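Observations on the three-dimensional arrangement
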Amino acid sequence: MKNTRKFLDLSVKKFLFGTGILNIVIIFTMFLFIFLNGIQFFKHSSFKDFIFGLKWISLSEIYGLLPLLVGSFWVTIVAIIIAVPLGILTAVYIFEYAPPKIKNNMKILIEIMSAIPSVVLGFIGLYILSGPIKNLFGLNSGLTAFTGSIMLAFMALPTIVTMTEDALNALDPSYKEASLALGSTKAETIFNVLLPAAFPGIFAGIMLGFGRIIGETLTVLMVTGNAPILATSPLSPVRTMTATIAAEMGEVVQGSTHYYALFAIGIILFLISFITNTIADHYVTKARNLKN
């Protein structure tokens, strides 16, 4: 019996180790595949022309990344501006003010939000949100970076709310008790003591939400207008890097310059995701150390 248990423990240990190694190999293989194809593009174009090129016209074989970077910037930055305050304030309400029944219902609702498919959010943005935005700002089209940002902020909210609430729950009760004992109000305690103390965990949630926003494809493909232009405001149609890959990869000739240009975009996206997740992991680890 004892030998059987040891064998099972060893088998599970080996299986988990093998699963971890397999995940690393898969991720490395994916990056290698993207890198080997993307690097082929720079045989036809310089890195400088690609990054700082002002136009993306695939039919004319003009591949400038800057319009796509600007489009991704507008969509991401506005989504973060919307999602971060709303997410943090929602988490504060759940943590400190909500009655138990409302707290449980809100947590369930947030979990449901995170499970909504991106194509459904795209339809909502396309047929419900774009019209009011068009009329509100007097635009020719409601398919803009701002429309996409609202939908992406909705997608990032569950991550930010959950991570912020977890960070607040992880704090030692003495933070709150000491602040209240010194005469601070509940609001002063939250905003001057608890949120700064929980900042590593909150920032990790923001970075994970940022990663969700920058990597989203289908929603922005449907609601941002798909115009690869140098947009000067979020009320302009844009095209993001992810939307460009999704829109053009299905029609591109394999092995062509256009094909390799899309993989070059993939390299940039992979690097952005890697940096984002590395920063988030750093702050998650820091938050755990503070908890311990």
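See the structure above.
Rules of the game
- Residues numbered from 1 in each chain as written.
- Predicted model: local features only at pLDDT ≥ 70, side-chain atom pairs only at ≥ 80, totals over all residues.
- Heavy atoms only, no water.
- Helix = DSSP H or I, 4+ residues; strand = E, 2+ residues; numbered from the N terminus.
- Buried < 20%, exposed > 50% of the residue type's maximum accessible area, 1.4 Å probe, protein only.
- Contact = heavy atoms within 4.5 Å.
- Areas by Shrake-Rupley, 256 points an atom, 1.4 Å probe, with all protein chains shown as cover.
- Lys, Arg positive; Asp, Glu negative; His and termini not counted.
- Charge placed at Lys NZ, Arg CZ, Asp CG, Glu CD.
- 1 Å grid on protein atoms, 1.4 Å probe; cavity = no way out; pocket = protein on both sides within 12 Å on 5 of 7 lines; lining within 4 Å.
- Points joined across faces, edges and corners; volume = space filled by probe spheres on them.
- Nonpolar A, V, L, I, M, F, W, Y, C, P; charged D, E, K, R; others polar.

Some remarks on the overall build of the protein chain
When you go through the protein chain residue by residue, the secondary structure sums to 12 helices and two strands. Counting only C-alpha atoms, the protein chain reaches 70 × 65 × 35 Å along its principal axes. Relative to its full complement of 292 residues, the protein chain shows a buried share of 39%. Nonlocal contacts in the protein chain, meaning residues at least 24 apart in sequence, comprise 70% of its contacts between residues at least 6 apart. In the form shown here, the protein chain has an accessible surface area of approximately 16,400 Å², with 68% of it arising from carbon and sulfur atoms. Taking the 19 positively charged and 14 negatively charged side chains of the protein chain as two groups, their mean positions are separated by 7 Å.

Points about empty space enclosed by the protein
Summary: where empty space remains is shown by rolling a probe the size of a single water molecule over the atoms. This structure, assessed with the given rule, holds one cavity of 30 Å³ or more. Estimated volume of the largest cavity: approximately 50 Å³. Surrounding the largest cavity, S72, V75, T76, L152, I213, I214, E216, V220, T240, M241 and T242 form its lining. Secondary structure elements with two or more residues in the lining of the largest cavity: α3 (66-97), α9 (199-215) and α11 (241-248). When residues of the lining of the largest cavity are assigned to their parent elements, the largest contribution, three residues, is made by α3. Of the residues assigned to the lining of the largest cavity, the class counts are six nonpolar, four polar and one charged.

Remarks on unusual backbone geometry
One non-glycine residue with positive phi stands out, namely E61, at about 55 degrees. Mapping E61 onto the fold places it in the loop between β1 (56-57) and β2 (62-63). With a phi angle near 55 degrees, N226 is a residue other than glycine that sits in the positive phi range. By the secondary structure assignment, N226 is in the loop between α10 (218-223) and α11.

In short, shape yes, function no, at least from these values alone.
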